[in-house]
Amino acid sequence: MISKSFILTPLALAVSLASFSSFAEVAATNNVSNPDKVISLTVQGYKGYAQELPTSGSKSDAEWLDVPQSVSVVTDTEIKDRGAVKLVDALDGVAGVNNTLGEGSRDQFVIRGFDSLQDIYRDGLRDDGNLQSYRSLANLERVEVVKGPAGALYGRGSSGGIINMVTKRADGDEFTRFNIGYGSHDKMVGSVDSSAQLTDKINGRINLEVRRSDSFVDRVDMEDYFIAPTIQFNPSDDHKLNVDLEIAHQNLVPYRGVPSRNGKPVDVPRSTFFGSANDYQKSDSVRIAIDDELKLGSDVTWNNRASYNRVTLKQQGTRQKTTPVTSTVQQTLNNFGYDPRTTTTLQSELKWHVGNQEFLFGADYNQIDMNYNAPQSAGTLPDKSINNPIAANVSDLGFPKIAKIPQNHSAYTFRILSR
């Protein structure tokens, strides 16, 4: 049995009583002429900020008090209320999570003092493919942050915790939603979220987003687009298969802040740009994922997941040297890229309920193959005045291939949860 409490303000109470009175009057009138008539009511509940269960904290449907770890959940309601469009926007203000500069080109969070660049997950699978970009929220239902070590459930990672992004699903609801936004620094966002039941056993959903914005810093801007169709197959009441495809393009100018002198940032307007006029980062990514859920009776659920992510990226960026800053700052030009970087992840988990106990068995495998492109050495640039830096075009060093770097990781999970 689930009980919920609601707080009614005087205005809300008055509106509720008036609505109920009107409904009762109509119902009484109808019952006089047709006392056997059945009146149907459809009630849609409000989805609040703390209505989702912290599933990432135990990989189960355990209630908040039964999860032995601190978990924060940013729901889609909170995402919409904030007007958030990027992952960094959604996590702004979450206790214990700080956003670092990320060289002005990617998501990079610190959880409880530990760097979590490679501790971002998607539906429980490691999201290594997009670590050098800003992640969109267009296809996310919610974001969950598990704080503290989580190696027993997720394998390798930092002691700070993990961030798990939960994908929107094609559940058969019929709707089409449009969103157009405009904000500071010419930030423009347009998105479409459309869902439909295609057949009795197949549902479809698609999310589209186009976004561009300038910045409070001169010459720093961003343009990207995002396409994400998903299909859900329901062969039976006990079997569900989700197939996701995401295609993203991102073009931005990396921003690495201002130099420091004598332990303090140099005294310049915050709009000052210390990079070069033709600094850039371009990335294209494709992600394919499969999530298969099979119920083997009322007490056993078997989940199998797989994802493949392919990213091509080029970045040309101006960096500051480690030499002391005087009236000028010494800089270098650094190029690097992936052509491509691919990530393949496989995961299998079995949940078994026995009375008040829940057993979780799992295994996952993660393989990263990266063709790393970069010049053998950085290009030296002329010294730049700290009081009046001029952003000039610089010569492109190119992107020669220097290495192919394979990485393989595997993890096994056995956990007993008592509820």
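Residues numbered from 1 in each chain as written. Predicted model: local features only at pLDDT ≥ 70, side-chain atom pairs only at ≥ 80, totals over all residues. Heavy atoms only, no water.

**Details of the packing of aromatic side chains**
Here is step 1: The full count for this structure, using the stated rule, is six aromatic pairs.
Here is step 2: Look at Trp-352 and Phe-359: their rings are 5.6 Å apart centre to centre, the planes differ by 35°, and that puts the pair in the tilted class.
Here is step 3: By the ring-pair criterion, three or more aromatic residues cluster together here, those being Phe-336, Tyr-338 and Tyr-372.
Here is step 4: Directly above the aromatic system of Phe-216 lies the positively charged group of Arg-270, at a separation of 4.4 Å from the ring centroid.
Here is step 5: Directly above the aromatic system of Tyr-280 lies the positively charged group of Lys-282, at a separation of 5.8 Å from the ring centroid. (Phe/Tyr/Trp six-rings, centres within 6.5 Å; stacked < 30°, edge-to-face > 60°. Lys NZ or Arg CZ within 6 Å of the ring centre and 35° of its normal.)

**Side note on the sheet that holds strand β8 (residues 161–167)**
Here is step 1: Strand order in this open sheet of five strands is β1-β7-β8-β5-β6, and the pairing throughout is mixed. The sheet terminates laterally at β1 (70–75) and β6 (125–126), the two strands that pair on one side only.
Here is step 2: Direction of pairing for β1 relative to strand β7 (residues 140–147): antiparallel, over a ladder of six bridges. Looking at β7, one finds that Ser-70 is bridged to Lys-147. (Pairing = 2+ DSSP bridges. Helix = DSSP H or I, 4+ residues; strand = E, 2+ residues; numbered from the N terminus.)

**A closer look at the confidence of the model for the chain**
Here is step 1: Looking at the chain as a whole, the pLDDT averages 85, with 85% of positions reaching at least 70.
Here is step 2: Confidence drops under pLDDT 50 across residues 1–24; counting only partners more than four residues distant or on other chains, this segment forms four contacts. (pLDDT = per-residue confidence, 0-100. Contact = heavy atoms within 4.5 Å.)

**Some points on the sheet that holds strand β3 (residues 109–111)**
Here is step 1: Strand order in the open sheet formed by three strands is β2-β3-β4, and the pairing between neighbours is antiparallel. Looking at strand neighbours, the two that pair on one side only are β2 (97–99) and β4 (114–115), the edges of this open sheet.
Here is step 2: Strand direction decides the pairing type here: β2 and β3, joined by three bridges, are antiparallel. Its bridge partner being in β3, Val-97 is matched across the sheet by Ile-111.

**A short note on unusual backbone geometry**
Here is step 1: For the bond running from Asp-339 to Pro-340, omega is -5°, close enough to zero to count as cis.
Here is step 2: By the secondary structure assignment, Pro-340 is in strand β19 (residues 331–354).
Here is step 3: Even without glycine at this site, Glu-103 takes up a positive phi of about 55°.
Here is step 4: The topology assignment puts Glu-103 in the loop between β2 and β3.
Here is step 5: You will see that Asn-262, though not glycine, has its phi angle at about 55°, which is positive.
Here is step 6: By relative accessible area, which is 77% here, Asn-262 ends up exposed. (Buried < 20%, exposed > 50% of the residue type's maximum accessible area, 1.4 Å probe, protein only.)

**Digging into the pairing of β8**
Here is step 1: Across the seven residues of β8, seven count as buried, placing the element largely inside the fold.
Here is step 2: Where strand β5 (residues 120–122) and β8 come together, three bridges link them in parallel fashion. Residue pairing for β8: Tyr-121 is matched across the bridge by Asn-164.
Here is step 3: Looking at chain direction, β7 and β8 are connected through seven bridges and run antiparallel. From the neighbouring strand, Lys-147 faces β8, where its bridge partner is Gly-161.

**Brief notes about the pattern of salt bridges**
Here is step 1: Following the criterion strictly, the structure yields 20 salt bridges and no others.
Here is step 2: The partner of Arg-256 in a salt bridge is Glu-103, and the shortest N-O contact between them spans 3.9 Å. Taken together, the residues Arg-256 in the loop between β13 (239–252) and β14 (260–261) and Glu-103 in the loop between β2 and β3 connect sequence positions 153 residues apart.
Here is step 3: The class for Arg-256 is partly exposed, based on a relative accessible area of 22%.
Here is step 4: In this structure, Glu-246 engages Arg-122 in a salt bridge whose closest nitrogen and oxygen atoms are separated by 2.2 Å. Taken together, the residues span a long stretch of sequence, with Glu-246 in strand β13 and Arg-122 in strand β5 at a distance of 124 residues.
Here is step 5: One connected set of salt bridges, linked through shared partners, spans Lys-59, Asp-123, Arg-169, Asp-244, Asp-291, Arg-305 and Glu-349. (Salt bridge = Lys/Arg side-chain N within 4 Å of Asp/Glu carboxyl O.)

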